[in-house]
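# What the coordinates show
Read off the chains here:
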Amino acid sequence: MAKEYYKTKIIGIGGEVQRFLDVTKMVVLFDDSMVFPELREFSVLHSGNKLDGKIKPGDVLKIADSEFRIVKIGNDVQNNLKNLGHIVVKFDNGAGDLLEGSVHVEDKPIPHIRPGDEITIYESSGSLIGKKVVVIGSGDVKEAVEHALHEGGAAIVEEGEEHDFTLTIS
């Protein structure tokens, strides 16, 4: 079983969170006792901020029942989360600018966030994030394998491009 090293519970949603999320594909998290008044309306407020590990690419951020593989992490994320209960989560596959306090995760449908939902971060086993794979073969099986590898975080590349490993389907 994967080791869970961060957990908190959402206790409030600022009035502008959904609009901000729709426009920017970002969520601002703040411990309710630490949020700056001018950011309260744009923040997902939580309580019970407990960090017992180091956030790494390839690990998983879970909001409610939706899981997002972590792709990139800013230099201040550890300290901000531990001391302020604050990070910015960007749902952009790591394509956006890396800010010091931001965590970039997979670009997947974002759940409707509600008070009472939990946010957890846990270690992933066998992450393919950042790996480049060439899949040789054809047909439905090749497509299914490529899809599974892509869902696991790997980039599918063509023969001749730089890659980490080759998988042959016969």
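So, here is what we can say about the structure in this document. Please read these numbers as outputs of a predicted model, since none were measured by experiment.

Along the chain, the regular secondary structure elements total three helices and eleven strands. Start at the N end of the chain and walk to the C end: the helices and strands fall as β-α-β-β-β-β-α-β-β-β-β-α-β-β. Expressed as lengths along the three principal axes of its C-alpha atoms, the size of the chain is roughly 60 × 30 × 25 Å. Counting all 170 residues of the chain, 39% fall into the buried class. Sequence separation of 24 or more characterises 68% of the internal contacts of the chain that already satisfy a separation of 6 or more.

A separate point is the pattern of salt bridges. Across all of its chains, the model carries nine salt bridges by this definition. Across the pair Lys7 and Glu118 runs a salt bridge, and its minimum N-O distance is 3.5 Å. One end of the pair, Lys7, is in strand β1 (residues 4-13); the other, Glu118, is in strand β8 (residues 118-122), with 111 residues separating them in the sequence. Judged by relative accessible area, Lys7 falls into the partly exposed class, the value being 35%. Exposure remark for Glu118: the relative accessible area of 34% places this residue in the partly exposed category. A salt bridge links Glu146 to Lys142; its shortest N-O distance comes to 3.5 Å. A residue pair is termed a helical-turn pair when its members lie 3 or 4 positions apart in one helix, as Glu146 and Lys142 do in helix α3 (residues 139-151) at four residues. Judged by its relative accessible area of 21%, Glu146 is partly exposed. If you follow the salt bridges from partner to partner, you end up with Lys56, Asp59 and Glu123 in one network.

Before going further, it helps to spend a moment on the sheet that holds strand β6 (residues 87-91). In spatial order, the strands read β1-β3-β2-β6-β7-β5-β4-β8; together these eight strands close into a barrel with mixed pairing. Shown here is a sheet whose adjacent strand axes are inclined to one another by a mean of 35 degrees, direction ignored. In this structure, β1 lies alongside strand β3 (residues 43-51), joined through six bridges in antiparallel fashion. Considered in β3, the bridge of Ile13 is made with Val44. In this fold helix α1 (residues 17-24) packs onto β1, β2 (26-31), β3 and β6, with an angle of close to 140 degrees to the strand it touches most, β2.

About the criteria used
- Starting from 1, residues in each chain are numbered consecutively following that chain's sequence as written.
- Local features in this predicted model are restricted to residues of pLDDT 70 or higher, and side-chain atom pairs are both shown and tallied only at a pLDDT of 80 or more, whereas totals for entire chains, interfaces and linings draw on every residue.
- Heavy atoms throughout the structure, all of them, feed into the side-chain values; hydrogens and water do not.
- Each helix corresponds to a stretch of at least 4 residues labelled H or I by DSSP, and each strand to a stretch of at least 2 residues labelled E; elements are numbered beginning at the N terminus.
- Relative accessibility under 20% of the residue-type maximum defines a buried residue, over 50% an exposed one, and the middle range a partly exposed one, all with a 1.4 Å probe and only protein chains included.
- For this analysis, residues touch if any pair of their heavy atoms sits within 4.5 Å.
- For this analysis, a salt bridge means a side-chain nitrogen from Lys or Arg found within 4 Å of a carboxyl oxygen belonging to Asp or Glu.
- Between any two strands, pairing holds if DSSP finds at least two bridges.
- Here, axes are lines fitted to C-alpha atoms. For helices the fit covers the stretch in contact, and angles between N-to-C directions go from 0 to 180 degrees.

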